[in-house]
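Overview (structure and organization)
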Amino acid sequence: MSTARIFTVENQLAKLVDRPGGKTVADHVRAAEMRVQGVRDVTLASLIEKAEAMATAVTAGKNGSDPKAFDTIYDISNAIFGLAGTFGLKGLAEAAFSLCDLADSFRSGETVNWPAIDVHVDGIRLLATLGDKAEAAGADTILDGLRRVRARVLPTG
């Protein structure tokens, strides 16, 4: 009978973590924030492109050429919501979230209200175009109108 041999494996990661020096958590957070801010302009431009793509999806849904239009509208609106939230565009994030709610409801069988979708898409397009200037330009007024539309179309939500 042979004897069992036991090998000890050295954990290189544990050794590195135990070594003094390196960056602190705060340093890593600052570096991550700088990287996020480094793509801000590109991201803000992509929000405008996404809003335009959503308008195209709405047109396809209205004319019946895309039976999955609400899936597309929801997906694009959800992407806008995530990016807007990342960059502190609260008004745009709220408008996109509201449109997600409408699209989800309509694709789940609620009676479709295209004017409600249109006004949300127009509001999102405007807020995306305004970017950081949306709050100063009256985003609250736009959001109040979108809230009223949503409440009228989906009164139980």
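Owing to the predicted nature of the structure, the values given are computational and were not obtained by experimental measurement. Along each chain, numbering runs from 1 in the same order as the chain's sequence is written. Restriction of local features to residues with pLDDT of at least 70 applies here, the model being predicted, together with a cutoff of 80 or more for giving and counting side-chain atom pairs; totals for whole chains, interfaces and linings are based on all residues. Note that the side-chain values use all heavy atoms of the structure and ignore hydrogens as well as water.

1. Brief notes about the confidence of the model for the protein chain
- Across the protein chain, pLDDT averages 89, with 99% of residues at or above 70.
- Within the protein chain, the element-level pLDDT minimum falls on helix H1 (residues 12–18), averaging 78, and the maximum on helix H4 (residues 69–86), averaging 95. Each residue carries a pLDDT score, the predictor's own confidence in it, on a scale running from 0 to 100. The helix and strand labels rest on DSSP assignments: H or I over at least four residues marks a helix, E over at least two residues marks a strand, and numbering proceeds from the N terminus.

2. Focus on the nonpolar core
- Within the largest apolar cluster, 35 residues are counted, with the highest numbers of intra-cluster contacts made by Met-54, Ile-73, Ile-80, Leu-92, Ile-117, Ile-124 and Leu-127.
- Taken together, the elements giving at least two residues each to this core come down to helix H3 (40–62), H4, helix H5 (90–107), helix H6 (114–130) and helix H7 (139–153).
- Residue contributions to this core peak at eight residues, all from H5.
- Once you skip the residues sitting within four places of it in the chain, Ile-117 turns out to touch Val-58, Phe-70, Leu-99, Leu-102 and Phe-106. Only buried residues count toward a nonpolar core. Its members are Ala, Val, Leu, Ile, Met, Phe, Trp, Tyr and Cys residues joined through side-chain atoms within 4.5 Å. When a residue's accessible area, from a 1.4 Å probe over protein chains only, is under 20% of the maximum for its type it is buried; when over 50% it is exposed; and in between it is partly exposed. Here, residues are in contact when the closest pair of their heavy atoms is within 4.5 Å.

3. A closer look at the packing of aromatic side chains
- Between 30 and 60 degrees the pair is tilted, below 30 it is stacked and above 60 it is edge-to-face, where a pair is any two Phe, Tyr or Trp rings, Trp via its six-membered ring, whose centres lie within 6.5 Å. Here the structure, examined in full by the defined rule, presents three aromatic pairs.
- Note on Phe-70 and Trp-114: the rings are 5.0 Å apart at their centroids and 15° apart in plane angle, and the pair reads as stacked. Here Phe-70 is found in helix H4, whereas its partner Trp-114 is found in helix H6, with 44 residues between them in sequence. Each of the two residues, Phe-70 as well as Trp-114, counts as buried.

4. Some points on the pattern of salt bridges
- A pair is scored as a salt bridge if a Lys or Arg side-chain nitrogen falls within 4 Å of a carboxyl oxygen belonging to Asp or Glu. Across all of its chains, the model carries 10 salt bridges by this definition.
- As a salt-bridge pair, Arg-40 and Asp-132 come within 2.4 Å of each other at their nearest N and O atoms. Note that Arg-40 is positioned in helix H3 and Asp-132 in the loop between H6 and H7, a separation of 92 residues in sequence.
- Via salt bridges that share partners, Glu-52, Asp-122 and Arg-125 belong to a single interconnected network.

5. Here's the deal with H4
- Between its first and last C-alpha, H4 extends 26 Å over 18 residues, near the 26 Å set by a 1.5 Å rise per residue.
- Within the span of H4, buried status applies to Ala-69, Phe-70, Ile-73, Ile-76, Ser-77, Ile-80 and Ala-84. Burial along H4 is one-sided: seen end-on, the buried residues are contained in an arc of 135°.
- Looking at the buried side of H4, the elements it contacts are H3, H5 and H6.
- Remark: Gly-88 follows H4 within two positions and exhibits a positive phi of approximately 75°. Expected span of a helix: the number of residues minus one, times 1.5 Å. The directions from the helix axis to the C-beta atoms are what the arc is built from.

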